[in-house]
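Here's the letter readout for the chains.
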Amino acid sequence: MQASKLADERILIFAPHGRDAQVMCSVLARDGFACDAVPGFDAFVAAIAAGAGAAIVAEEALQGVDMARLRAWLDAQEHWSDFPFVVLLTRLVGVPADGARARLEELGNVVLLERPLNAQTLRSAALSALRARRRQYHARDVLLDRERTAESLRQSQEALVHLNETLEARIDERTRALAQANDRLMNEVIERERVQQAMVQFQKLEAVGRLTGGIAHDFNNLLNVVQGSMDLILLLSKDEVAKQRAEVARRACQRGGKLTSQLLAFSRNQSLDLRPLDVHTLFEGVHELVATSLGSSVRLQFEVDAAGTSVVADTNQMEMALLNLAINARDAMDGGGELRFTAGRADPPDGLLPEGDYVRIAVADNGSGMPPEIAARVFEPFYTTKGVGKGTGLGLSQVYGMAQQSGGAARILSEQGVGTMVEIWLRAAGSETAAAPAAAPALTATPLPGAHILVVEDDDFVRDSMVESLGALGYTVSHASDGEAGLRELEQGRPDLIITDYLMPGMTGAELVQQARLAFPDVPTIIATGYADMHAIEQVIGEDMVLRKPFQLAELAASVARALHKVDKATART
């Protein structure tokens, strides 16, 4: 029997209190009835709409429910349908007028049975309701068959008359239809080729993204070793010249870390790190990158209306968005022209955003502009007016998605022959949250006497650097080269803290954390990673911390101190 036929023949039982539904199902099943017990009123209405032969309902199940959906379905039944209900009444005295019993007439086709009732009465009522429903199905089938026959006859007669009257016109129409079909076929072939080319370009982009992510991850490890070594020199060396050189190298590592974070943002989708961001600082940070990318033929202007203009945004994503807009503007200006970056508080256009305080960041060029039909589509993913291989169609869609995720919006204003302006509207950061960026942490953390730290890192240089740095801070350190070795170290005893890399062969840092918590649920963990996709890390990190590579010695010391201090406070409370 087909699934739809089985659904039409089933009996629904809606008696959510006690075991009435299970008992009635077992009784009816012995006589070959197909029945389903539904747990709630919404599920009951949905099951009726999906198809059923009849419904057995306990009176108390209708008490206090909103029957609007059920009445709407009953009112919308086909003219052949009159869905049958068997309602099991409770022997009560003085039922309120507004109770479920007073509303039973809303169900329409109702059979009332007073409880308690025996199995034979239940079977008889179910069989009677189902037999009535089958007669309705038979009437439906007869009506449908008659309607199909009449419609077929009418269409045949009309077709014959039309054919006789317009034979020559039909021949011409057929010829045109064949020509149109041929045109559609050619268009489909062209569209298929375009889609294939776009897919090839997308695969190229994906491959480049994976390669970029791998390079950036490995480069983060190298930067971490260099920066850790420079921090140790600054901490331990007495030679002022060497310390000056180390400080220069450390700052270069910080610039390299910023570059790798942008590469990782390009290669993967990652959660936005929304924080107060000063627009002056944003423009200063992106100015050199934009100038280098566009060349000297493009004149740049950066203007912020008022000091202290701050937004809630992800710094790396905003820098990537402004760079994307600058490159698009350069292409629209054929390599030369004027590009203006402006920002200031403003009221968004009606309907663009909810009420609130917003900052408008605009990038305007004096290029060729674009017609309205193209401007309306530029935020669509993979839409581009450039040739295959010259543009992915993802730049503006990334800008739009970033603005939306940040609680803002993006829009484009363009006029042919005049130029284009792209506006990014972001929430203004409140004065209480728009503080200036914090300076690099000072190396003031005091090691916890006797604290034992386990370091798990597959890169030998990074591992040695971290072990030396933690040793210089006064901690007792053991180490392992991968997750399996880390678990073997844990078998030797409980450490006070685990610091693990995320990307390791065989077992990731997240998996290691899960295994370690089985043995030592209260051991704090720090995941040190240069990986962009934080989804797997966030699933296991809980109240622990993430330390992003490359990190300074002061950041490592502060993270370790916070983790150990948190454990001490928890121990003191218990």
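Remember, it's a predicted structure, so these values are computed and weren't measured experimentally.

Caption draft 1: Main features of the overall build of the chain. Regarding its fold elements, the chain presents 16 helices and 17 strands. In the chain, buried positions account for 41% of the 574 residues. In the chain, the share of contacts with a sequence separation of at least 24, taken over all contacts with a separation of at least 6, comes to 75%. Per element, the accessible surface of the chain, about 31,500 Å² overall, is 53% carbon and sulfur.

Caption draft 2: Summary view of the packing of aromatic side chains. Taken as a whole and assessed by the stated rule, the structure comprises nine aromatic pairs. For the ring pair F14 and F41, a centre distance of 6.2 Å and an interplane angle of 45° mean the geometry is tilted. Separated by 27 residues along the polypeptide, F14 in strand 1 (residues 11-14) and F41 in helix 3 (residues 41-50) bring together distant segments of the chain. Each member of the pair, F14 as well as F41, is classed as buried. With centroids separated by 4.9 Å and ring planes inclined at 20°, the aromatic side chains of F14 and F44 adopt a geometry described as stacked. In this pair, F14 sits in strand 1 while F44 sits in helix 3, placing the two residues 30 residues apart along the sequence. Overall, F14 belongs to the buried group, its relative accessible area being 2%.

Caption draft 3: Geometry of the packing of helix 3 against helix 4 (residues 68-75). Axis separation between helix 3 and helix 4 bottoms out at 10 Å; the angle between their running directions is 10°. What the angle tells us is that helix 3 and helix 4 run roughly parallel. Contact residues: F41, D42, F44, V45, A46, I48 and A49 in helix 3; R69, L70 and W73 in helix 4.

Caption draft 4: Structural detail: the packing of helix 13 (residues 483-492) against helix 14 (residues 509-519). It is at 10 Å that the axes of helix 13 and helix 14 come closest, and there the two elements cross at 20°. By the angle between their axes, helix 13 is roughly parallel relative to helix 14. Between helix 13 and helix 14 the crossing geometry is right-handed. Seen from helix 13, the contacting residues are G483, L487 and L490; seen from helix 14, they are L512, Q515 and A516. The residue inventory of the contact of helix 13 with helix 14, partitioned by class, reads four nonpolar, two polar and no charged.

Caption draft 5: Structural context of the sheet that holds strand 7 (residues 298-304). Here five strands make up an open sheet; going across it, the order is 7-9-10-12-11 and the pairing mixed. Strand pairing shows two members of the sheet lacking a second neighbour, strand 7 and strand 11 (409-415), which therefore form its edges. Across the sheet, the mean angle separating the axes of adjacent strands is 15° when strand polarity is ignored. Bridge count for strand 10 (residues 358-365) against strand 12 (residues 419-427) is eight bridges, and the pairing is antiparallel. Bridge pairing in strand 12 links A364 to M421. Seen against the sheet, helix 8 (residues 279-294) touches strand 7, strand 9 (337-346) and strand 10 and runs at an angle of roughly 175° to strand 7. Sitting on the sheet, helix 9 (residues 315-332) is in contact with strand 7, strand 9, strand 10 and strand 12, with an inclination near 25° to strand 10.

Caption draft 6: Summary view of the state of the cysteines. Scanning the entire structure with this criterion turns up zero disulfides. C25 carries a free sulfur, and the closest cysteine sulfur to it, the one in C35, is 3.1 Å from it.

Rules behind the numbers
- Residues numbered from 1 in each chain as written.
- Predicted model: local features only at pLDDT ≥ 70, side-chain atom pairs only at ≥ 80, totals over all residues.
- Heavy atoms only, no water.
- Helix = DSSP H or I, 4+ residues; strand = E, 2+ residues; numbered from the N terminus.
- Buried < 20%, exposed > 50% of the residue type's maximum accessible area, 1.4 Å probe, protein only.
- Contact = heavy atoms within 4.5 Å.
- Areas by Shrake-Rupley, 256 points an atom, 1.4 Å probe, with all protein chains shown as cover.
- Phe/Tyr/Trp six-rings, centres within 6.5 Å; stacked < 30°, edge-to-face > 60°.
- Axes fitted to C-alpha atoms, helices over the stretch in contact; angles between N-to-C directions.
- Parallel < 35°, antiparallel > 145°, perpendicular 65-115°, else oblique.
- Left-handed = near helix turned anticlockwise from the far one by under 90°.
- Nonpolar A, V, L, I, M, F, W, Y, C, P; charged D, E, K, R; others polar.
- Pairing = 2+ DSSP bridges.
- Disulfide = S-S within 2.5 Å.

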